[in-house]
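Examination of the molecular architecture
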Amino acid sequence: MKRITMLFPGGKSKCLTMSYDDGQRFDRRLVRIFNAHGIRGTFNLNSGRLGGICVEAEEVPRLYAGHEVASHTVTHPHPTLFSPPALLPELTEDRAALEALVGYPVRGFAYPYGEYNADVLRALQSAGLEYARTVNSTHQFSLPADFLQWHPTCHHDDGRLMELGQRLISSQGEALQLMYVWGHSFEFDRNDNWQRMEDFCAMMGGREDIWYATNIQIADAVEGFRRLRFSQDNSIIFNPSAQAVWIAVDGSPLQVPGGAMIRI
């Protein structure tokens, strides 16, 4: 029987994603850095706080074009202090307001203050959110076991950031490697360390063996693989989804087109 494992789009086994919260005006500079190096990010916004120290509502679709806008609640409360019925409008109204700006379904979330519990998880599911990022660093490159408790690799101020980046660059083999960096763009200004992010993106960007993805693209890629249907002996594969899915067959990359039935 052939051995079949998941690959990222393009047959790649390495991925980098970035996640930034609150939508403060420093996102403008951060987006420019990402764009200069071909890096994609997810930006978690509070729709009720746009304007002032945060980006203006009208600039959201232009500023974050090519990236992902995700939810962070309307007003950035402590979510564990709310009952599920009270928290739900913070989620659903934020989604609706952001969707009206960007013109696509907002499907992801980052926990304000990193706080969550079982009630918060249920509220996210009720609001139709498909993934949620925590603030718990793993210092690993693994995919999340539970997308509603998606732990990042590290914060951008982590002392191991550059070491972890070099580890991803030098890694070999077919095992999937996902580096996930998070933070707040205002921290670069507060800590006067914009050069750190410039250096990291210059080191990590523009590499043919790394997939630069938003959070939802990663979630969709994993879901696409999970939806594949296999014959008993793995010789026939059916892809019921519209998107193409990349797999490794005995270590060799193969694309399974959307809606296709293939024999290997």
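Look above for the structure.
Residues numbered from 1 in each chain as written. Predicted model: local features only at pLDDT ≥ 70, side-chain atom pairs only at ≥ 80, totals over all residues. Heavy atoms only, no water.

Another point: the packing of helix α5 (residues 161-170) against helix α7 (residues 194-204). Here α5 crosses α7 at 5 degrees, and the two axes come no closer than 10 Å. In terms of orientation, α5 lies roughly parallel with respect to α7. Note on element contacts: α7 touches α5 through R196, D199, F200, M203 and M204, opposite L161, M162, G165, Q166, L168 and I169. Broken down by class, the residue content of the contact of α5 with α7 amounts to 7 nonpolar, 2 polar and 2 charged. (Axes fitted to C-alpha atoms, helices over the stretch in contact; angles between N-to-C directions. Helix = DSSP H or I, 4+ residues; strand = E, 2+ residues; numbered from the N terminus. Parallel < 35°, antiparallel > 145°, perpendicular 65-115°, else oblique. Contact = heavy atoms within 4.5 Å. Nonpolar A, V, L, I, M, F, W, Y, C, P; charged D, E, K, R; others polar.)

With that settled, consider the side chain of D21. You can see D21 is positioned in strand β2 (residues 14-21). Reaching out from D21, the side chain makes a polar contact with the side chain of R133 at a distance of 2.8 Å. (Polar contact = N/O pair within 3.5 Å; in protein donor to acceptor, adjacent residues only side chain to side chain.)

Attention shifts here to the packing of aromatic side chains. Geometry of an aromatic ring pair is reported as the spacing of the ring centres plus the angle between the planes. Enumeration over the complete set of coordinates arrives at 11 aromatic pairs. Relative to F34, the ring of Y20 lies with its centre 6.1 Å away and its plane at 65 degrees, an arrangement referred to as edge-to-face. Of this pair, Y20 sits in strand β2 while F34 is found in helix α1 (residues 27-37), placing the two residues 14 residues apart along the sequence. Both residues of the pair, Y20 and F34, count as buried. For the pair F147 and W150, a centre-to-centre distance of 5.0 Å together with 85 degrees between the ring planes defines the contact as edge-to-face. (Phe/Tyr/Trp six-rings, centres within 6.5 Å; stacked < 30°, edge-to-face > 60°. Buried < 20%, exposed > 50% of the residue type's maximum accessible area, 1.4 Å probe, protein only.)

Moving on: the state of the cysteines. Within this structure, the stated rule accounts for 0 disulfides. For the unlinked cysteine C154, the closest cysteine sulfur is that of C201, found at 12 Å. What makes C154 buried here is its relative accessible area of 0%. (Disulfide = S-S within 2.5 Å.)

What follows covers the pattern of salt bridges. Inspection of every chain in the model, using the stated rule, returns 8 salt bridges. Note that R95 and E99 form a salt bridge whose closest N and O atoms lie 3.1 Å from each other. Taken together, the positions of R95 and E99, both in helix α3 (residues 84-102) and 4 residues apart, correspond to about one turn of that helix. Here D220 and R107 are joined by a salt bridge, their closest N and O atoms 2.6 Å apart. One end of the pair, D220, is in helix α8 (residues 215-227); the other, R107, is in the loop between α3 and β5 (108-110), and 113 residues separate them in sequence. Of the residues examined, D220 reaches a relative accessible area of 23% and is grouped as partly exposed. When salt bridges that share partners are traced, they join R107, E130 and D220 into one network. (Salt bridge = Lys/Arg side-chain N within 4 Å of Asp/Glu carboxyl O.)

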